[in-house]
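Each chain is listed here by its residues.
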Amino acid sequence: MRVDVVTIFPEYLRALDLSLPGKAQRSGLLDLRVHDLRDHAHDRHRTVDDTPYGGGAGMVMKPEPWGEALDALDIAGATLVVPTPSGEVFRQATARELSTRERLVFACGRYEGIDARVVEHAAEAGAEVREVSIGDYVLNGGEVAVLAIVEAVVRLLPGFMGNPESLVEESHEDGLLEYPVYTKPASWRGRDVPPVLLSGDHGAVARWRREESLRRTAERRPDLLGGRDGA
Ligand code: SAM
């Protein structure tokens with residue numbers, strides 16, 4: 001998968017050179033290219049923002065540098081992901097969907113966001129535009145959202161996970177939160193691992209895990225159970 005990120009803080013994306021996303025880059029599974037938006041700002045100060053039409057606080061990202069940066073990336077046929085608190089909420093299903101794309105281009109906003117004409121133009125230029133929020137809170141910029149989205153998407157690429165089974169059982173994959181997990185030792189600081197997990201009875205373990213998933217979900221995220229019959 002090819003991923004392009006346009007940002008005024010290219011260093012932010014260095015975290016994707018670490019751990020498994022870094023390994024995915026070295027193995028060729030992920031072709032990540034980070035671009036500095038200011039390379040497309042041509043005044044002495046490399047300005048990318050201006051005051052908002054209609055007044056109000058803050059600055060807005062100018063359309064010209066964005067237009068030029070996206071033109072240079074030739075986004076026709078790509079999926080342009082624009083992080084914004086007013087986008088669709090990013091979920092595991094969104095990550096799955098994006099993991100099927102060959103090419104993702106991310107546009108990291110700063111200040112009060114990007115001039116609204118930029119996404120309209122990108123859609124007209126043939127990109128699939130997805131405005132995506134990573135949650136109901138406001139960050140200073142799109143970079144942290146891109147780190148989260150890229151990590152969630154790339155780990156779903158075939159060949160990324162050593163053991164693809166671990167993906168199947170995760171939180172949100174079946175609409176539930178994952179059951180609690182334990183490792184050795186069986187007893188630690190007076191706390192014992194639930195005996196069923198030591199029983200060797202695979203059926204009983206599977207039932208216990210399912211019940212724990214349901215219990216946890218009902219307790220912590222009852223909204224996820226809405227619409228489930230007899231859950
Ligand atoms: N004025 C904007 C609003 O109220 O919707 C907030 C702009 S925010 C300070 C600057 C940038 O951070 C946004 O353009 C976006 O790229 C990013 N951002 C902030 N919160 C986000 C969120 N919850 N999800 C995704 N991106 C976010």
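Procedures and definitions
- Residues numbered from 1 in each chain as written.
- Predicted model: local features only at pLDDT ≥ 70, side-chain atom pairs only at ≥ 80, totals over all residues.
- Helix = DSSP H or I, 4+ residues; strand = E, 2+ residues; numbered from the N terminus.
- Buried ≥ 20, exposed ≤ 12 C-beta atoms within 10 Å, placed from the backbone.
- Contact = placed C-beta atoms within 7 Å.
- Core = buried A, V, L, I, M, F, W, Y, C linked by C-beta atoms within 7 Å.
- Near = placed C-beta within 6 Å.
- Nonpolar A, V, L, I, M, F, W, Y, C, P; charged D, E, K, R; others polar.
- Domains from an automatic or database assignment.
- Pairing = 2+ DSSP bridges.
- Axes fitted to C-alpha atoms, helices over the stretch in contact; angles between N-to-C directions.

Details of the overall build of the protein chain
- Regarding its fold elements, the protein chain presents seven helices and nine strands.
- With respect to the three principal axes, the spread of C-alpha positions in the protein chain is 70 × 40 × 35 Å.
- Here the protein chain, with 231 residues, has 26% of them falling under the buried criterion.
- Relative to all contacts within the protein chain whose residues are 6 or more apart in sequence, the contacts with residues 24 or more apart total 74%.

Comments concerning the nonpolar core
- Among the nonpolar cores identified, the biggest contains 44 residues, and Val5, Leu80, Phe106, Ala107, Ala122, Val146 and Ile149 are the most heavily contacted of them.
- At the level of elements, β1 (2-7), β4 (60-61), α2 (63-73), β5 (79-89), β6 (103-107), α4 (117-124), β7 (128-133) and α5 (143-154) are the ones that each hand at least two residues to this core.
- With six residues, the top contributor of residues to this core is α5.
- Excluding residues that lie within four positions of it along the chain, Val146 makes contacts with Val5, Leu13, Pro83, Phe106 and Cys108.

Notes on the environment of Pro85
- Along the chain, the position of Pro85 falls in strand β5.
- When the C-alpha atoms of Pro85 and Leu139 are compared, they prove to be 8.3 Å apart, with 54 residues separating the residues in sequence.
- Discounting chain neighbours no more than four positions away, the residues touching Pro85 are Ser133 and Val138.

Observations regarding the site of the ligand
- For the ligand, the set of nearby residues contains 19 residues, the closest of which are Pro83, Gly109, Leu139, Gly142 and Ala145.
- Top element by residues in the shell around the ligand is β5. It accounts for four residues.
- Classifying every residue of the shell around the ligand gives eight nonpolar, nine polar and two charged.

Overview of the domain arrangement of the protein chain
- Here the protein chain is described as being made up of domain 1 (2-155) and domain 2 (168-224).
- Taking the mean C-alpha position of each, domain 1 and domain 2 sit 37 Å from one another.

Examining the sheet that holds β7
- Taken in spatial order, the five strands make up an open sheet running β2-β1-β6-β5-β7, and their pairing is parallel. Only two strands of the sheet have a single neighbouring strand rather than two, namely β2 (31-36) and β7. For this sheet, the mean angle separating the axes of adjacent strands, direction not counted, is 30°.

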